[in-house]
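Structure assessment
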Amino acid sequence: MSDASNIDIDYVANLARLQLTPEEKQRFAGQLGDILEHFEKLKSIDVSNEEPMAHPFPVFNVLGADEASPTLSPEQALVNAPKQRDQQLVVPKVVDDA
Amino acid sequence: MSEDLYYKTATELRRLLENRTISAVELVQSAIARTKATDDKVRAYLDTNEDEAIELARASDERRANGKILGPLDGIPVSIKDLIVEKGKLARCSSRILENFVSPYDATAIVNLRNSGAIPWGRVNMDEFAMGSSTETSYFQKTANPWDLERIPGGSSGGSAACVAAGQTVLSLGSDTGGSIRQPAALCGVVGMKPTYGTVSRYGLIAFASSLDQIGPFSRCVEDSAMLLDAISGYDPLDSTSYSGDIPNCAQAIPEKKGPWKLGIPKEYFPDNLDPEIRTAVEAAVDNYRARGCEIIEVELPHTELAIPVYYIIATAEASSNLSRYDGIRYTHRSEESTDALDIYFKSRGEGFGEEVKRRICLGSFVLSSGYYDAYYLRAQKVRNLIRKDFQNAFKQVDALLTPTSPTPAFKFGERTEDPLTMYLSDIFTINVNLAGFPALSLPCGLTSGNLPIGLQVIGQPLKEDDLFAIAHSYEQANDYWKLRPTL
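Residues numbered from 1 in each chain as written. Chains lettered and ligands numbered in written order. Predicted model: local features only at pLDDT ≥ 70, side-chain atom pairs only at ≥ 80, totals over all residues. Heavy atoms only, no water.

Check the secondary structure of chain B and you find 16 helices and 11 strands. In terms of C-alpha radius of gyration, chain B reaches 21 Å, essentially the compact-globule figure of 23 Å for 488 residues. The contacts in chain B between residues at least 6 apart in sequence include a share of 76% that link residues at least 24 apart. Put simply, chain B shows about 15,800 Å² of open surface, and 46% of that area lies on carbon and sulfur atoms. (Helix = DSSP H or I, 4+ residues; strand = E, 2+ residues; numbered from the N terminus. Rg over C-alpha atoms; globule rule 2.2 N^0.38 Å. Contact = heavy atoms within 4.5 Å. Areas by Shrake-Rupley, 256 points an atom, 1.4 Å probe, with all protein chains shown as cover.)

Taken together, the 54 residues of chain A in the interface contact 68 residues of chain B. Buried area between chain A and chain B, summed over both chains or domains, comes out near 5,400 Å², and the portion from carbon and sulfur atoms is 69%. On the chain A side of the contact with chain B, Leu42, Met53 and Asn80 of chain A bury the most area, a combined 13% of that side's loss. Residue arginine 27 of chain A is joined to glutamate 355 of chain B by a salt bridge in which the shortest nitrogen-to-oxygen separation is 2.6 Å. Linking chain A with chain B are 17 residue pairs in polar contact (both at pLDDT 80 or more), by the criterion used here. (Buried area = accessible area lost by both parts, 1.4 Å probe. Salt bridge = Lys/Arg side-chain N within 4 Å of Asp/Glu carboxyl O. Polar contact = N/O pair within 3.5 Å; in protein donor to acceptor, adjacent residues only side chain to side chain.)

Before going further, it helps to spend a moment on the packing of aromatic side chains. Residue and element names in this part refer to chain B. Going through the model one piece at a time under the given rule, you end up with 20 aromatic pairs over all chains. Look at tyrosine 312 and tyrosine 424: their rings are 4.0 Å apart centre to centre, the planes differ by 10 degrees, and that puts the pair in the stacked class. Placement of tyrosine 312 in helix H10 (residues 307-322) and of tyrosine 424 in helix H14 (residues 420-425) is noted, with a sequence separation of 112 residues between them. The burial state of tyrosine 312 is the same as that of tyrosine 424; both residues are buried. Summarising the aromatic geometry, the rings of phenylalanine 366 and tyrosine 372 are spaced 4.4 Å apart at their centres and angled 40 degrees between planes, so their arrangement reads as tilted. Note on accessibility: phenylalanine 366 and tyrosine 372 belong to one class, buried. What links up through ring pairs into an aromatic cluster is the set Phe101, Phe129, Tyr326, Tyr331 and Phe353. Here the basic side chain of arginine 92 rests over the ring of phenylalanine 140, its NZ or CZ set 4.3 Å away from the ring centre. (Phe/Tyr/Trp six-rings, centres within 6.5 Å; stacked < 30°, edge-to-face > 60°. Buried < 20%, exposed > 50% of the residue type's maximum accessible area, 1.4 Å probe, protein only. Lys NZ or Arg CZ within 6 Å of the ring centre and 35° of its normal.)

Before going further, it helps to examine the packing of H10 of chain B against helix H13 (residues 374-394) of chain B. All names here are of chain B. At a minimum axis separation of 9 Å, H10 and H13 run at an interaxial angle of 125 degrees. On the basis of their axis angle, the class for H10 and H13 is oblique. Between H10 and H13 the crossing geometry is left-handed. Where H10 approaches H13, its residues Ala307, Val310, Ile313, Ile314 and Ala317 are matched on the opposing element by Tyr376, Tyr377, Ala380, Gln381, Val383, Arg384 and Ile387. When the residues that make up the contact of H10 with H13 are grouped by side-chain class, the tally is 10 nonpolar, one polar and one charged. (Axes fitted to C-alpha atoms, helices over the stretch in contact; angles between N-to-C directions. Parallel < 35°, antiparallel > 145°, perpendicular 65-115°, else oblique. Left-handed = near helix turned anticlockwise from the far one by under 90°. Nonpolar A, V, L, I, M, F, W, Y, C, P; charged D, E, K, R; others polar.)

Time to look at the domain arrangement of chain B. Residues and elements named next belong to chain B. Taken as a whole, chain B is organised into domain 1 (3-264 + 397-483) and domain 2 (305-382). The distance between the C-alpha centroids of domain 1 and domain 2 comes to 27 Å. Each partner contributes residues to the interface: domain 1 has 27 residues there, and domain 2 has 26 residues. When the buried surface of domain 1 facing domain 2 is broken down by residue, Ile97, Met131 and Tyr424 rank first, second and third, together holding 30% of it. (Domains from an automatic or database assignment.)

Before going further, it helps to spend a moment on the environment of alanine 317 of chain B. Residue and element names in this part refer to chain B. Mapped onto the elements, alanine 317 comes out in helix H10. Given the relative accessible area of 2%, alanine 317 is considered buried. Taking the C-alpha atoms as reference points, alanine 317 and isoleucine 361, 44 residues apart in sequence, are found 7.6 Å from one another. Sequence-distant contacts of alanine 317, that is, excluding residues within four places in its chain, are made with Gly364, Val367, Leu368 and Tyr377.

Below, the structure written as structure tokens:
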């Protein structure tokens, strides 16, 4: 495990698409450093023969029948949209003008 | 109508409804009145639905008059933690980012609840996105512990525990990712139960950590929780991790199973720094089982201490992934300040999430990031396997484990908010169970000298909830701690 103090809070916040205030960055860097230091405990045991466990019980792919069934109407699906027009979400332009 | 109706159990109320001593409308009205009289102090409720609840109660009374009740919970009010969605109602997860979110559909647990005749009564407070152990991270309000209004009710299902303890509802639905049902139940002196992973559908449960989350019941006695679990559990094709095999009928099994049982005491759950009053109360509970003929066996769960790092790596990793859906584009708070698409993500999430949620998203993103994945996330998954094996080995000898639910009683507001690691460490007795996927419940086993409730945790075997409830119920029958009520 790497040195716990080297958590780069700007890099992590960018990965998470999360805007943090300068105060939050400073506070989190210290707190996460402490937390990661506590995580060092995990180094204390040998896990080379252990399988990773992603779920409490074996989980297999579950497939539904390929049948049409009732679903939300566009109006219902958009009921919480922050901005909408003509049954579509309004978002800022994401492509440049040619 | 009798004023003490609001502190009766569902088991008692069921009889009163059956012999027409009370009506469901009277019962719901008493819950509404009690909530109005006490919630300025307790602050458990985020939203109430008086008109709908009374209408549903009227329909329940009509069914009963026609001899067509839907089950033992018909007419019983149940409050809902703010992260289990109900069609047409706000489901805010106690977060600003979902401040105006109205669910267009019902969670499967809600559908099942309604099909049992039970009446959804209000939406109750929680830690934001269920991240916390004190309900202090809610964006909206701080819920108080009904036993001491200057103290926290526990969390994250603090609203559920507090409203049951305060008599504002008979039952409540909460969720438990790392102890979020059992710890607040212990701190508020009520029963709270986390079922085996996969027993209750997670469809419509706003996700925190998908491999750990389970919906479960809160009540004032063990039998009530068994009835509520029976009502909401079962296979659901809408949840790909739903368990498709047989699950026990818990309420029916309670009177049939009388023990004596073999009960394990994991020494790792009685560390030197355990609160002395909690140690005394839990040891007295163990003695009580012994006196009733149970065999008490000391067992080892050697990887217990590693559960804190394992849990906080896995839970935050899953959370950072699950919470990426709150992007300000489709159905959540969108920042007014943002200029382009990327800016919407950053600012909406920065404005919409509270501090603890942001901290956990950062931690989860870090442990999953390139160069750290193997050292943290993959290693944690391997240690998780060891933790499960600990439980599997212990259960070769015993039917259940007895432990304290929380290392301390309810603490004061603000006491731990400055130091997240201390808050995380307080989850040590509950998180192992989620990592292993086992069922467990907390029930009252005493009061401290300061009049604060103490919880006994009973950990059972997967898919043997019937045994778990029976073991807990036998203690309840032999002791009166569950009858204690706070003065409000």
